[in-house]
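Remarks on the overall topology
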Amino acid sequence: MTCLNYINGEWIPAQSGATLESRNPADWRELIATFPRSEAGDVDAAVASARQAYRTWRLVPAPARGEFIHKVGELLIQHKETLAQLMSREMGKPIAEARGDVQEGIDCAFYYAGEGRRLFGQTTPSEMPNKFAMSVRTPLGVCALITPWNFPVAIPCWKMMPALVCGNTVILKPAKDTSTCANFLVWLFQEAGLPPGVVNLVHGAGETVGKALLEHPGVDLVSFTGSSKTGAEIGATCGRTHKRVCLELGGKNAQVVMEDADLELALEGAIWGAFGTSGQRCTATSRLILHRDIKDKFTAMLLEHTSKLRLGHGNDPNTDVGPLVNQGQLQRVSHYLEVARSEGAKVLIGGEILKDGELHHGFFFAPTILDKVTPDMRVAREEIFGPVVALIEVSEFEEAIAILNDTSYGLSSSVYTRDVNRAFQAMRDIEAGITYINGPTIGAEVHLPFGGVKQTGNGHREAGSAALDVFTEWKTVYVDFSGKLQRAQIDNRE
Ligand SMILES: NC(=O)c1ccc[n+]([C@@H]2O[C@H](COP(=O)([O-])OP(=O)(O)OC[C@H]3O[C@@H](n4cnc5c(N)ncnc54)[C@H](OP(=O)(O)O)[C@@H]3O)[C@@H](O)[C@H]2O)c1
Ligand SMILES: O=CCCC(=O)C(=O)O
């Protein structure tokens with residue numbers, strides 16, 4: 001398959017003609033597609049196209065913009081299985097999770113399609129007679145959307161759909177590892193009949209295409225999801241170039257299990273929170289904070305369940321845990337196992353690259369449980385982004401919350417307890433954008449705000465009506481029908 005850039009309604013190669021390859025992480029010998037290795041000139045063309053289209057798209061009534069998004073939702077339903085199978089082959093997640101990823105895109109489409117008929121502002125009384133006062137949302141212009149590979153459909157949809165319904169035009173720069181999924185998704189926007197230039201796609205590396213978008217004077221906003229390291233660079237560049245920037249970054253999420261918890265429920269949450277998507281979710285559980293009274297029992301339950309997880313190709317419906325996305329991720333996770341051992345953590349299960357049988361040509365890492373972890377260790381503090389979970393023992397609820405908060409990240413969190421007082425205390429005291437009581441750290445719903453505190457972001461939120469604050473400017477409007485200058489009255493009001 002050949003992927004192309006989509007600029008001004010045309011599918012075109014990079015100006016240089018250069019290409020990159022997307023391969024199956026479960027079997028590196030399988031080529032999925034080639035895609036353009038774009039550079040700054042391709043970005044210039046995409047920005048020119050998006051700027052031109054913005055002149056008319058911003059004037060399309062918002063309900064009509066919402067109808068385009070609704071159509072994308074219908075097309076996503078129609079092509080759900082094909083897109084999920086492609087995603088599973090291209091980035092390795094098990095097919096059931098890939099279907100869930102596409103479903104998030106569908107939910108997002110119908111939610112933001114409806115937003116076209118809301119986009120509420122405020123009306124408020126004026127101090128003056130015969131004067132109306134109100135605020136309305138207005139679009140920003142051209143939005144550059146830079147996305148990671150771990151949710152190849154959901155995350156681009158979280159950005160494209162609210163941006164478009166608000167009247168902006170967009171340029172998507174997807175992760176290299178999931179270029180084919182991005183191509184398919186943008187084709188659906190084309191099929192939905194969006195005018196040329198409203199949606200543009202530029203494939204290529206973050207170091208070239210991403211950076212060119214950040215520096216381009218024709219880009220008004222950058223919405224980025226990815227690592228905290230890249231996010232910090234992006235924030236600095238956008239500060240220098242005066243662009244609005246929304247950053248959704250890494251996590252070091254914890255699940256607390258108290259002595260009064262339903263352990264079967266907590267076990268299910270821990271397994272899927274830690275090992276779902278091979279631990280490559282920003283919301284993944286990478287720390288399990290266990291009360292000492294249940295720690296031994298719960299650890300034994302965890303080990304038994306983990307030992308039964310089936311590793312394999314994502315497209316095989318019997319697979320529980322797929323490969324890591326690429327060689328770099330495999331090296332990163334292996335490195336953290338060396339760090340864990342050198343710091344004195346004990347590997348209870350896993351801790352190694354798997355190469356047996358059908359895993360031979362893929363990037364598989366065994367689901368791993370680390371014991372004897374203390375809160376100061378690197379494996380308790382740094383984002384690993386793989387199927388590795390660290391066990392930390394505590395004696396008190398307050399201690400559990402203090403350790404949960406003792407991180408530079410703040411995305412998701414979870415507490416298993418039957419005590420309603422503790423549940424509300426957790427809700428109040430946890431420093432994170434998302435807190436689950438008796439549920440795993442994963443599993444976002446599109447109508448609620450999504451994002452984190454501390455180094456997980458810069459205060460913005462994706463999803464829900466909160467995303468509208470990213471993609472619009474407020475305009476305050478006063479309409480004076482008194483027929484006389486009221487300024488004097490304002491100045492004299494004392
Ligand atoms: N908080 C959230 O909502 C959320 C959700 C999902 C994932 N994440 C985080 O994402 C990370 C994993 O994703 P990742 O490894 O793909 O992150 P990443 O390396 O930061 O890359 C993310 C995107 O940024 C591009 N990029 C890389 N360097 C760039 C630069 N200097 N300027 C502009 N763009 C650049 C990448 O391009 P390439 O194609 O060249 O890589 C990719 O498209 C984890 O830390 C995870 O926690 C956060
Ligand atoms: O990786 C980021 C998205 C996480 C998500 O959508 C979920 O946990 O459901």
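Being a predicted model, the structure only gives us computed values, none of them experimental.

Analysis parameters
- Sequence order as written defines residue numbering, which begins from 1 separately in each chain.
- Chains and ligands are labelled by the order in which they are written, letters from A for the one and numbers from 1 for the other.
- The model is predicted, so local features are restricted to residues of pLDDT at least 70 and side-chain atom pairs to those at 80 or more, both for listing and for counting; the totals for chains, interfaces and linings are taken over all residues.
- Side-chain figures throughout are based on the complete set of non-hydrogen atoms in the structure, without hydrogens or water.
- Cavities and pockets are defined on a 1 Å grid built over the protein atoms alone: a cavity is a set of grid points where a 1.4 Å probe fits but cannot escape, while a pocket is an open set with protein on both sides within 12 Å along at least five of seven lines, and lining residues are those with an atom within 4 Å of any such point.
- Grid points are joined across faces, edges and corners, and a volume is the space filled by probe spheres set on the points.
- Runs of E in the DSSP output that reach at least two residues are strands. Runs of H or I that reach at least four are helices, and both are numbered from the N terminus.
- All amino acids are sorted into three groups, where Ala, Val, Leu, Ile, Met, Phe, Trp, Tyr, Cys and Pro are nonpolar, Asp, Glu, Lys and Arg are charged, and the leftover types, Gly among them, are polar.
- UniProt positions are given in the numbering used here, feature names are shortened, and annotations may be inferred rather than shown by experiment.
- Burial here depends on accessible area, computed with a 1.4 Å probe over protein chains only, as a share of the maximum for the residue type. Under 20% is buried, over 50% is exposed, and the range in between is partly exposed.
- DSSP calls a pair of strands paired once it identifies at least 2 bridges connecting them.
- The handedness rule is simple: strands pointing away from the viewer, and a clockwise path from the first strand over the helix to the second, make the crossover right-handed.
- Each residue is tested against the molecule or strand, and it is near if at least one of its non-hydrogen atoms lies within 4 Å.
- Think of a polar contact as two N or O atoms within 3.5 Å of one another; within protein, one of them needs to be a possible hydrogen donor and the other a possible acceptor, and neighboring residues in sequence only count if both atoms come from side chains.
- A patch is a set of surface residues, each over 30% in relative accessible area and not in a salt bridge, joined within 9 Å for like charges and within 5 Å for the nonpolar side chains Val, Leu, Ile, Met, Phe, Trp and Tyr.
- Computed by Shrake-Rupley with a 1.4 Å probe, the accessible areas treat only the displayed protein chains as cover when residues are assessed.
- The working definition used for a salt bridge is a side-chain nitrogen of Lys or Arg within 4 Å of a carboxyl oxygen of Asp or Glu.
- Should more than half of a molecule's atoms lie within 2 Å of a pocket's or cavity's grid points, that molecule is taken to sit in it.

**Looking at the layout of surface pockets**
There is about 1,200 Å³ of room inside the largest pocket. Surrounding the largest pocket, 45 residues form its lining, Trp149, Phe224, Gly226, Ser227 and Thr230 being those nearest its centre. The set of elements that each furnish at least two residues to the lining of the largest pocket consists of helix 5 (154-165), helix 7 (206-215), strand 10 (221-225), helix 8 (228-240) and helix 11 (327-343). Of the residues belonging to the lining of the largest pocket, the class tally is 18 nonpolar, 14 polar and 13 charged. Computed from the structure, the second largest pocket encloses a volume of approximately 160 Å³. Looking at the lining of the second largest pocket, the elements that each hand over two or more residues are helix 10 (292-307) and strand 18 (388-394).

**Here we look at the UniProt feature "domain: Aldehyde dehydrogenase" (unreviewed entry) in the protein**
With numbering matched to this structure, UniProt assigns "domain: Aldehyde dehydrogenase" (unreviewed entry) to residues 11-477. Its end C-alpha atoms 41 Å apart, residues 11-477 is made of 41% helix and 20% strand.

**Considering the pairing of strand 6 (residues 131-139)**
On any regular strand, side chains alternate: one points to one face of the sheet, the next to the other face. Residues Lys131, Ala133, Ser135, Arg137 and Pro139 point to one face of strand 6 and are all buried, whereas Phe132, Met134, Val136 and Thr138, pointing to the other face, are not buried. Inspection of the sheet shows strand 5 (residues 122-125) paired to strand 6 by four bridges, in the antiparallel sense. Paired with Gln122 across the strands is Ser135, a residue of strand 6. Taken together, strand 5 and the strand that follows it, strand 6, pair antiparallel across an intervening segment of five residues, in which Asn130 is found at a positive phi of about 55 degrees. In this sheet, strand 21 (residues 472-480) lies alongside strand 6 in antiparallel orientation, the contact comprising nine bridges.

**Focus: the pairing of strand 19 (residues 412-416)**
Within strand 19, five of the five residues are buried, which leaves it mostly tucked inside the rest of the structure. Here strand 19 shows two buried faces, one formed by Ser412, Ser414 and Tyr416 and the other by Ser413 and Val415. Direction of pairing for strand 12 (residues 253-257) relative to strand 19: parallel, over a ladder of four bridges. Residue pairing in the sheet places Ala254 in a bridge with Ser413 of strand 19. In this sheet, strand 20 (residues 434-437) lies alongside strand 19 in parallel orientation, the contact comprising four bridges. Residue pairing across strands places Ser413 opposite Thr435, the latter belonging to strand 20. Note that the unit made of strand 19, helix 14 (residues 420-429) and strand 20 has a crossover that is right-handed.

**Topic: the site of ligand 1**
With respect to spatial proximity, 30 residues lie near ligand 1, and among them Thr147, Lys176, Ser227, Leu249 and Glu383 are the closest. Between Lys176 and ligand 1, the recorded distance is 2.7 Å, taken from a side-chain N or O atom to an oxygen atom. Contact distances for ligand 1 include 2.8 Å between an oxygen atom and a side-chain N or O atom of Ser227. At four residues, the largest contribution of residues to the shell around ligand 1 is made by helix 7. Taken together, the residues that form the shell around ligand 1 break down as 14 nonpolar, nine polar and seven charged.

**Describing empty space enclosed by the protein**
One pass over the full model with this rule turns up four cavities of 30 Å³ or more. Space inside the largest cavity adds up to approximately 110 Å³. Residue lining of the largest cavity: Glu104, Phe151, Ala154, Ile155, Trp158, Arg281, Cys282, Thr283, Gly443, Ala444 and Phe450, and that is the complete set. Counting residues per element, the lining of the largest cavity draws most heavily on helix 5, at three residues. Residue composition of the lining of the largest cavity, grouped by class: seven nonpolar, two polar and two charged.

**Observations concerning a nonpolar patch on the surface**
Taken together, the side chains of Phe132, Val479 and Phe481 define a hydrophobic patch exposed on the protein surface, amounting to about 300 Å² of accessible area. Residue position: Val479 is located in strand 21.

**A few points about the site of ligand 2**
Taken together, Glu104, Asn150, Phe151, Trp158, Arg281, Cys282, Thr283, Ile442, Gly443 and Ala444 make up the full set of residues near ligand 2. Between ligand 2 and Arg281, the relevant distance is 3.1 Å, taken from an oxygen atom to a side-chain nitrogen or oxygen of the residue. Considering ligand 2 on its own, with 280 Å² of exposed area, one finds that the protein chains cover 98% of that surface. A molecule is said to occupy a pocket when more than half its atoms come within 2 Å of that pocket's grid points, and by this definition ligand 2 occupies the largest cavity. Taken together, the residues that form the shell around ligand 2 break down as five nonpolar, three polar and two charged.

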